[in-house]
Amino acid sequence: MEFDFTKLEMDSRYRLLTNFIGPRPIALVTTRSATGHSNAAPMSFFNVFSHEPPIVVLGIQPRLSGEDKDTMVNIRRTGEFVVNMVDMALSQQMLVCGLGFDSDVDELEMAGLPTAKGAQLDVEYVTSAPCAFECRVERLIEYPRRVLVLGEVVHMHVRRDCLDEAGRYVNPEVYQPIARLHADNYITSDRQFVLKAPAMADVLKANQSGE
C-alpha cells in the first residue's frame, strides 16, 4: 500500500506515523505553574537529538480548541521543564498524570509521586524516576497544530541503582524504561540483547567471493 502524505488527512497521518515509528520513549514532563504548583504530563513525541549541545525535543499538540495545554503555557512563561523517564514502577502514576485535570490541579500530588526541587531550575522532578533531565528552552519551532520544544539539558538526576558500580554506564538489570507503540500498547526493555556489527573486512571478503 502507498500513502501520499501531501494529500492524507491529519488523523490518518497520525495513525500511520505513531503505529510504525516506535517504540517511542515516554517523557513525564514536569513544569511550574503561574500559581507555583507543579504540572506533569506524559509525552511520547519525545527523544534526544544531540549531545553537543545536549538537546532533547518535545512535540506538544494544543487542545482541540487550539489553546496551549498547561505544559506549553508553563514552558512559554518560564523557559524551563524537566523530563522524567518512566519505567514499569511509574507506569500507573504516569497514566494518572495524563488525565485531563483542571489547570489548578497538581498532577504529581494526585499521582502520589515524591518530588524534589531541581538543582538548577525552579521545577520539581520525580525522585523515584530512574533519571530526570532539567532542561532550559533552547528554541521553540511553531506549527499550527504542534510546537517543537528544543530543550538544552543543564542537569541530570540519576538513581544510583540505575548505574553500574563505576557510575559510568547504565545498569540494564535495573534501568528498564517503557516505551509507547500505538494506542494503549506499550513495550518494556527487559529483554535486552547485544548486537554487534561485523568487521568491514569480512563483509568485503564475502561480497568479493560472491557468498
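Small disclaimer: the values here were computed from a predicted structure and weren't measured. (Residues numbered from 1 in each chain as written. Predicted model: local features only at pLDDT ≥ 70, side-chain atom pairs only at ≥ 80, totals over all residues. Heavy atoms only, no water.)

**Topic: the packing of aromatic side chains**
For clarity, the threshold we go by: Only the six-membered ring of Trp is used, alongside the rings of Phe and Tyr, when aromatic pairs are assigned; centres must lie within 6.5 Å, and planes under 30 degrees apart are stacked while those over 60 apart are edge-to-face, with the rest tilted. For helices the rule is a DSSP run of H or I covering at least 4 residues; for strands it is a run of E covering at least 2, with both sets numbered from the N terminus onward. Note on exposure labels: buried denotes an accessible area under 20% of the residue type's maximum, exposed denotes more than 50%, and partly exposed covers the range between, all computed with a 1.4 Å probe on protein chains only.
Under the defined criterion, the tally for this structure stands at 1 aromatic pair. Their ring planes at 10° and their centres at 6.1 Å tell us that Y14 and F45 sit as a pair that is stacked. Linking Y14 in helix α1 (residues 10–20) with F45 in the loop between β3 (38–43) and β4 (46–51), this pair joins segments that are 31 residues apart in sequence. Accessibility expressed as a relative area gives 37% for Y14, which makes it partly exposed. Residue classification places F45 among the partly exposed positions, given a relative accessible area of 30%.

**Here we look at the pattern of salt bridges**
Where we set the bar: For this analysis, a salt bridge means a side-chain nitrogen from Lys or Arg found within 4 Å of a carboxyl oxygen belonging to Asp or Glu.
Scanning the model with the defined rule gives 6 salt bridges in all. The partner of R32 in a salt bridge is D122, and the shortest N-O contact between them spans 3.7 Å. Pair noted here: R32 is in strand β2 (residues 27–32) and D122 is in the loop between β7 (115–117) and β8 (124–126), with a separation of 90 residues, a long-range link. Note on D122: relative accessible area 42%, which makes it partly exposed. We note a salt bridge from D68 to R76, for which the minimum N-O separation is 2.7 Å.

**Re a nonpolar patch on the surface**
Rules: Patch definition: residues above 30% relative accessible area lacking any salt bridge, with like charges linked at up to 9 Å and the nonpolar side chains Val, Leu, Ile, Met, Phe, Trp and Tyr linked at up to 5 Å. Values of accessible area rely on a 1.4 Å probe in the Shrake-Rupley scheme; residue burial ignores everything except the protein chains shown.
A grouping of M1, F3, F5, L17 and I21 is seen on the molecular surface, where their side chains present a nonpolar patch of about 550 Å² in accessible area. Topologically, I21 is positioned in the loop between α1 and β1 (24–25).

**Details of the sheet that holds strand β12 (residues 186–187)**
To keep it simple, the criterion reads: Two strands qualify as a pair provided that DSSP identifies no fewer than 2 bridges between them.
Spatial strand order, β1-β11-β12: 3 strands in an open sheet with antiparallel pairing. The sheet is open, and its two borders are formed by β1 and β12, each paired with just one other strand. Relative to β12, strand β11 (residues 179–180) runs antiparallel, the two being bridged by 2 bridges. Bridge assignment links R180 to a residue of β12, and that residue is Y186.

**What about the UniProt feature "domain: Flavin reductase like" (unreviewed entry) in the protein?**
Using the following cut-off: UniProt positions are given in the numbering used here, feature names are shortened, and annotations may be inferred rather than shown by experiment.
UniProt's entry tags residues 20–171 with the feature "domain: Flavin reductase like" (unreviewed entry), counted in the numbering of this structure. What you have in residues 20–171 is 14% helix and 43% strand, and the ends, taken at the C-alpha atoms, are 28 Å apart.

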